[in-house]
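Results of the structural survey
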Amino acid sequence: MDKNQEIVESERNDSTFGRHLLSKVPEVTIFFWIIKIMATTVGETAADYLNFHLHVGLTNTTLIMSVLLVISLIFQFKANKYIPAVYWIAVVLISVVGTLVTDNLTDHFGVPLITSTIVFSILLAITFAAWYASEKTLSIHSIFTTKREAYYWLTILFTFALGTAAGDLISEDLNLGYMISGIIFAALIALVTIGYYMFKMNAVLAFWIAYILTRPLGASIGDFMSQPAKHGGLGLGTTGTSAIFIFIILGLVVYLSITKRDSLNMRSE
């Protein structure tokens, strides 16, 4: 057993909340980023679809999606290893709820987007600090205990809420439009990628920066595809956009469930 395997085994044997788990998250591959961006897009368009097209209303939409998120997380926490369908359903739902958190603050409470962006940045920083102080790592490759998984999903929620606020701030308050906003966030992700591969940027730092930035990127893509041409979009609508991306996500999740190409547990065997 090499040093890295010893570290992994040690982390798996940590006593946290009395449970010892296999990895509960996928390997970070190209499939991870594709599904994550599409899940983000679905989160944006699905929230708009329920709120506006079905006339459910922002409050009822928030309650419905929050209940579904809790149910999905119960299944996720009960699982003893990474299960693609369970994991990605939770990601899609937490994307929707993260979007709705920011939308509620803006629409119901009149909180400016700049304020939401600052507040969620602080909350995310506090979560990272608490996670690191407790576990001495922020790596998603170390999600072998219930406690670390709880930190992980709380972090994910704040990244979606922050990404929504920051994305709306740039595309709407600064009037840059969906396409320009998408290009800006794609360029920032490209810079992080270059920093990681060419300049040896810390892998954990690069991952979390990219993870945060994919939220507004996905939202910009979703808005660009769904909004009418007069508003700078392609006019596919929230129904069409959601259907396209859900179909692709389902296809990729089925593929990964069969091939196990993103399973850390399989790769460590």
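Residues numbered from 1 in each chain as written. Predicted model: local features only at pLDDT ≥ 70, side-chain atom pairs only at ≥ 80, totals over all residues. Heavy atoms only, no water.

By the naming in an unreviewed UniProt entry, the protein chain goes by Membrane-anchored protein and is assigned to Falsibacillus albus.

**Quick look at the pattern of salt bridges**
Within the structure shown, the criterion is met by three salt bridges. Between Lys24 and Glu149 there is a salt bridge, with the nearest N and O atoms lying 2.8 Å from each other. Residue Lys24 is found in the loop between helix H1 (3-12) and helix H2 (30-53), and its partner Glu149 is found in helix H6 (residues 146-173); the two are separated by 125 residues along the sequence. The class of Glu149 is buried, set by a relative accessible area of 0%. (Salt bridge = Lys/Arg side-chain N within 4 Å of Asp/Glu carboxyl O. Helix = DSSP H or I, 4+ residues; strand = E, 2+ residues; numbered from the N terminus. Buried < 20%, exposed > 50% of the residue type's maximum accessible area, 1.4 Å probe, protein only.)

**As for the UniProt feature "transmembrane region" (unreviewed entry) in the protein chain**
The UniProt entry lists residues 21-40, 52-75, 82-101, 113-131, 151-170, 176-197, 204-222 and 234-258 under the feature "transmembrane region" (unreviewed entry), expressed in the numbering used here. Structurally, residues 151-170 is divided into 100% helix and 0% strand, and its ends, taken at the C-alpha atoms, are 28 Å apart. Helix and strand shares over residues 176-197 are 95% and 0% respectively, and the end C-alpha atoms of the span are 30 Å apart. (UniProt positions renumbered as here; feature names shortened; annotations may be inferred.)

**Describing the packing of aromatic side chains**
Across all of its chains, the model carries 21 aromatic pairs by this definition. When the centroid spacing of 5.6 Å and the interplanar angle of 45° are considered together, the rings of Phe207 and Tyr211 count as tilted. Here Phe207 pairs with Tyr211, and both are found in helix H8 (residues 203-226), just four residues apart, close to one helical turn. Residue classification places Phe207 among the buried residues on the basis of a relative accessible area of 9%. Judged by its relative accessible area of 0%, Tyr211 falls in the buried class. Summarising the aromatic geometry, the rings of Trp208 and Tyr211 are spaced 5.6 Å apart at their centres and angled 55° between planes, so their arrangement reads as tilted. Of this pair, Trp208 and Tyr211 both sit in helix H8, three residues apart, which is roughly one turn of the helix. Like Trp208, the residue Tyr211 is buried in the burial classification. Sitting over the ring of Tyr211, Lys36 keeps its end group 4.2 Å from the ring centre. (Phe/Tyr/Trp six-rings, centres within 6.5 Å; stacked < 30°, edge-to-face > 60°. Lys NZ or Arg CZ within 6 Å of the ring centre and 35° of its normal.)

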